[in-house]
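Survey of secondary and tertiary structure
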Amino acid sequence: MTTENETTREHEHVAERIAAAALEHPCVVRLDGGEHGIVATHLPGRRVTGVRTTADTGDATEVCVVLLLRRPVPELVAEIRERIREVTDETMIDVTVADVLAPEHEPESNHGTGEAR
């Protein structure tokens, strides 16, 4: 039996699933569009900022994040990349860290603007 949540996930675009996977990491404060806002996937009537999928071109999927710096950046990037790989089965995933926040500057909610708009 398929649950309502599973049905919803099936209808999400891969960019939305990637955004959700990245935002579920406890050190990801938000997704970021990068310089000039170019890291984004444009979908009918909405845009997923911070994720650029390129499955049709064979290029790497790009994800741009702002991190809460609780551990070394390479460890956090590897964890985020693995979360995305679990969602997409892709091997080429570029994770860019646009900014970091010190733990004492942790926002009230660590999940920001990566939702589809």
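Residues numbered from 1 in each chain as written. Predicted model: local features only at pLDDT ≥ 70, side-chain atom pairs only at ≥ 80, totals over all residues. Heavy atoms only, no water.

With respect to the overall build of the chain
Short version of the rule: The secondary structure listing takes helices from DSSP runs of H or I that are at least 4 residues long and strands from runs of E that are at least 2 residues long, numbered from the N terminus. Any residue under 20% of the maximum accessible area for its type is buried, any over 50% is exposed, and the rest in between are partly exposed; the area is computed with a 1.4 Å probe on protein chains only. It only takes one pair of heavy atoms within 4.5 Å for two residues to be counted as in contact. Per-residue and other accessible areas follow the Shrake-Rupley method at a 1.4 Å probe size, with only the shown protein chains counted as cover for residues.
Broken down by element type, the chain carries 3 helices and 6 strands. Listing the helices and strands of the chain from first to last along the sequence gives α-α-β-β-β-β-β-α-β. The buried share of the chain, taken over its 117 residues, is 36%. Nonlocal contacts in the chain, meaning residues at least 24 apart in sequence, comprise 67% of its contacts between residues at least 6 apart. Surface summary for the chain: the accessible area is close to 6,800 Å², and the carbon and sulfur share equals 50%.

Details of the pairing of strand β3 (residues 46-49)
As a reminder of what qualifies: If DSSP finds at least two bridges between two strands, the strands pair.
Summarising the sheet, strand β2 (residues 40-43) and β3 pair through 4 bridges and their orientation is antiparallel. Across the sheet, L43 pairs through a bridge with R46, a residue of β3. Between the antiparallel neighbours β2 and β3 lie 2 residues, among them G45 with a positive phi of about 75°.

So, the pattern of salt bridges
Filter applied, for reference: The term salt bridge refers to a pairing of a side-chain nitrogen on Lys or Arg with a carboxyl oxygen on Asp or Glu at a separation within 4 Å.
Under the criterion given, the structure shown has 6 salt bridges. Here E16 and R46 are joined by a salt bridge, their closest N and O atoms 2.7 Å apart. Here E16 is found in helix α2 (residues 14-23), whereas its partner R46 is found in strand β3, with 30 residues between them in sequence. Take E16: its relative accessible area is 14%, and that puts it in the buried class. The closest approach of N and O atoms between R52 and E62, which form a salt bridge, is 3.3 Å. Placement of the pair is R52 in strand β4 (residues 51-52) and E62 in strand β5 (residues 61-68), with a sequence separation of 10 residues. In the salt-bridge network here, residues are joined through shared partners; they are R71, E75 and E79.

Topic: the confidence of the model for the chain
Detailed reading of predicted coordinates is not advised where the pLDDT is low. Filter applied, for reference: pLDDT runs from 0 to 100 and stands for how confident the predictor is about each residue.
With 79% of its residues at a pLDDT of 70 or more, the chain has an overall mean of 83. By mean pLDDT, helix α1 (residues 4-11) is the weakest element of the chain at 46, and strand β1 (residues 28-31) is the strongest at 97. Contacts of residues 1-9 to residues separated by more than four positions or lying in other chains number 6 contacts, the stretch itself having pLDDT below 50. Note on residues 112-117: pLDDT is under 50 here. Beyond four places in sequence and across chains, it has 20 contacts.

Some thoughts on the side chain of T53
In this fold, T53 is placed in the loop between β4 and β5. What makes T53 buried here is its relative accessible area of 17%. Excluding residues that lie within four positions of it along the chain, T53 makes contacts with H13, V14, A15, I18, T41 and T61.

Here we look at the side chain of T61
Put simply, the test is: Think of a polar contact as two N or O atoms within 3.5 Å of one another; within protein, one of them needs to be a possible hydrogen donor and the other a possible acceptor, and neighboring residues in sequence only count if both atoms come from side chains.
Examined against the element boundaries, T61 turns out to sit in strand β5. Here T61 falls in the buried class, since its relative accessible area comes to 1%. At 2.4 Å, the side chain of T61 forms a polar contact with the side chain of E90. Every residue in contact with T61, bar those within four places of it in the chain, is listed here: I18, R52, T53, T54, E90, M92, I93 and D94.

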